[in-house]
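The residues making up each chain are set out below.
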Amino acid sequence: MDKKVTVIGAGNVGATTAQRLAEKELCDVVLIDIADGMPQGKALDLLEAAPIEKHDASIRGANTYEASAGSDIIIITAGIPRKPGMSRDDLIKTNMNIMKNVTAEAAEQSPNAIIIIVSNPLDAMCHVAYDASGFSKNRVIGMAGVLDSARFRAFISMELDVSVENTHAFVLGGHGDTMVPLPRYSTVAGIPITELMSAERIEALVDRTRKGGGEIVSLLKTGSAFYAPSSAAVEMAEAILKDKKKILPCAAYLEGEYGINGLFIGVPVKLGANGIEDIIQIKLTDSENAALQKSADAVTGLVEDLKKLA
Ligand code: APR
């Protein structure tokens, strides 16, 4: 393939991302993890599926970064889940250090790459990767809104018994309880859902979307969602690799847009070969804007916490 993507962290999200990239024949894939032999094993397993899945993408696993050199995109899913007895601060600190190290190593090998962050807490991890890479703001992008919007779309489609392909949704803000689903801009075949559902049903779907990650965690009991997160990361990667100029909600570094300064938060952006090629400023009502500012305050709090732990 003439494009190359490195996926860091070969756990559930990373391995599924590698699988989707290869099976869509978008690029060659390098899968990196600290676990000895694990990324190599998963890469080989994926490669052995290629004759049946009918793709010619190369998939390599590695524990170090040389193999990643010259990547067009770096997708970061590395991190550790909370262990018994570990405080939230310890967890954030550990994951912050992982993010810092893997970003620095990957950025050194691929100085022209575009970075897509998937690891949580998402918006805060984007700040860490932005600082550690030294890349321009258009080349550091967080995956959150595409996932949250896909969840909202799935719920809309189930509610109205229509094809998911007819649905469109926008979820802005931070990737957490304060996210801001926008029903006015969420449509079925172009018709706003506010014309198709009662305010109560919309609120129920919005609430389920906000708690979407937690709903999966409570069902799985160990681990968190990975099929939809990997789909979302791959949609972003595809838009960049194919220079599609696709408008998607992503975590972007804002400098005054939406009245927010110096913060990564989810907004609609145009994704193309240069990463974030534009930040789309849509008109928000007073209450939508207030919800976005509240979400920005929550992300600011997390970023401040992170600075204290650093
Ligand atoms: N370098 C490379 N890989 C690392 C490092 C490191 N320094 N530290 C941890 N990892 C790897 C782990 O070995 C593990 O294989 O990151 C992988 C994470 O995989 P999982 O534990 O399966 O987690 P996953 O479900 O894939 O989620 C990863 O994405 O959606 C987010 O909240 C989620 O932050 C989490 C991330």
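Residues numbered from 1 in each chain as written. Predicted model: local features only at pLDDT ≥ 70, side-chain atom pairs only at ≥ 80, totals over all residues. Heavy atoms only, no water.

### Thoughts on the pairing of strand β14 (residues 275-279)
Move 1: Summarising the sheet, strand β13 (residues 261-272) and β14 pair through four bridges and their orientation is antiparallel. Residue Lys 270 lies in a different strand from β14, and its bridge partner there is Asp 278. (Pairing = 2+ DSSP bridges. Helix = DSSP H or I, 4+ residues; strand = E, 2+ residues; numbered from the N terminus.)

### Some remarks on the site of the ligand
Move 1: Looking at the ligand, there are 15 residues lining it, with Asn 12, Val 13, Asp 33, Thr 77 and Asn 120 nearest.
Move 2: In this structure, an oxygen atom belonging to the ligand sits 2.9 Å away from a main-chain N or O atom of Asn 12.
Move 3: Here an oxygen atom of the ligand and a side-chain polar atom of Asn 120 are 2.8 Å apart.
Move 4: For the ligand, the accessible surface in isolation is 730 Å², of which the surrounding protein chains cover 80%. (Near = heavy atom within 4 Å. Polar contact = N/O pair within 3.5 Å; in protein donor to acceptor, adjacent residues only side chain to side chain. Areas by Shrake-Rupley, 256 points an atom, 1.4 Å probe, with all protein chains shown as cover.)

### Notes on the environment of Pro 229
Move 1: On the secondary structure map, Pro 229 appears in helix α8 (residues 227-241).
Move 2: Here Pro 229 falls in the buried class, since its relative accessible area comes to 6%.
Move 3: Measuring from C-alpha to C-alpha, the distance between Pro 229 and Leu 46 comes to 19 Å, with 183 residues separating the pair along the chain.
Move 4: Excluding anything up to four places from it in sequence, Pro 229 contacts Val 13, Met 143 and Leu 147. (Buried < 20%, exposed > 50% of the residue type's maximum accessible area, 1.4 Å probe, protein only. Contact = heavy atoms within 4.5 Å.)

### Concerning the domain arrangement of the protein
Move 1: Along its sequence, the protein is organised into domain 1 (4-142) and domain 2 (145-309).
Move 2: Taken together, the contacts link 36 residues of domain 1 with 38 residues of domain 2.
Move 3: A combined buried area of about 3,100 Å² lies between domain 1 and domain 2, and 73% of that area is made up of carbon and sulfur atoms.
Move 4: Viewed at the interface, domain 2 and domain 1 are joined by one salt bridge.
Move 5: A salt bridge links Lys 137 to Glu 255, with the nearest nitrogen and oxygen atoms 2.7 Å apart.
Move 6: Between domain 1 and domain 2 we count nine residue pairs in polar contact (both at pLDDT 80 or more) in total.
Move 7: Elements with a minimum of two residues in the side of domain 1 that touches domain 2: α1 (12-23), β4 (73-76), α3 (88-109), β5 (114-117), α4 (122-133) and β6 (140-142).
Move 8: Examining the composition of the side of domain 1 that touches domain 2, we find that seven residues originate from one element, α4, more than from any other.
Move 9: Here the residues of the side of domain 1 that touches domain 2 sort into 20 nonpolar, seven polar and nine charged. (Domains from an automatic or database assignment. Buried area = accessible area lost by both parts, 1.4 Å probe. Salt bridge = Lys/Arg side-chain N within 4 Å of Asp/Glu carboxyl O. Nonpolar A, V, L, I, M, F, W, Y, C, P; charged D, E, K, R; others polar.)

### Description of the packing of aromatic side chains
Move 1: Tallying each qualifying case throughout the model produces four aromatic pairs.
Move 2: For the ring pair Tyr 130 and Tyr 253, a centre distance of 4.7 Å and an interplane angle of 40 degrees mean the geometry is tilted. Placement of Tyr 130 in helix α4 and of Tyr 253 in strand β12 (residues 246-255) is noted, with a sequence separation of 123 residues between them. Each member of the pair, Tyr 130 as well as Tyr 253, carries the same accessibility label: buried.
Move 3: A centroid spacing of 4.4 Å and a plane angle of 35 degrees characterise the contact between Phe 226 and Tyr 227, whose relative ring orientation is tilted.
Move 4: Its relative accessible area of 54% is what places Tyr 227 among the exposed residues.
Move 5: Every member of this aromatic cluster is reached through a ring pair, and the members are Tyr 130, Tyr 253 and Phe 264.
Move 6: Across from the ring centre of Phe 135, 4.1 Å away, lies the NZ or CZ of Arg 139, which sits over that ring. (Phe/Tyr/Trp six-rings, centres within 6.5 Å; stacked < 30°, edge-to-face > 60°. Lys NZ or Arg CZ within 6 Å of the ring centre and 35° of its normal.)

### Structural notes on the packing of α1 against helix α2 (residues 38-53)
Move 1: Closest axis-to-axis distance for the α1/α2 pair is 11 Å, and the angle between their directions is 30 degrees. Classified by the interaxial angle, the pair formed by α1 and α2 is roughly parallel. Crossing handedness for the pair α1 and α2: right-handed. Here Ala 15, Ala 18, Gln 19 and Glu 23 of α1 lie close against α2, whose contacting residues are Lys 42, Leu 46 and Glu 53.
Move 2: Residues belonging to the contact of α1 with α2 are distributed by class as follows: three nonpolar, one polar and three charged. (Axes fitted to C-alpha atoms, helices over the stretch in contact; angles between N-to-C directions. Parallel < 35°, antiparallel > 145°, perpendicular 65-115°, else oblique. Left-handed = near helix turned anticlockwise from the far one by under 90°.)

### Some words on α2
Move 1: Taking 1.5 Å of rise per residue, the 16 residues of α2 would be expected to cover 22 Å, and the 22 Å separating its terminal C-alpha atoms lies within 8% of that figure.
Move 2: Turning to α2, its buried residues number three or more, namely Pro 39, Ala 43, Leu 46 and Ala 50. Along α2, the residues classed as buried sweep out an arc of 70 degrees about the axis, all on the same side. Turned more than 90 degrees away from the buried face of α2 sit Asp 45, Glu 48, Pro 51 and Ile 52, all of them exposed. (Expected span 1.5 Å × (residues − 1). Arc of directions from axis to C-beta.)

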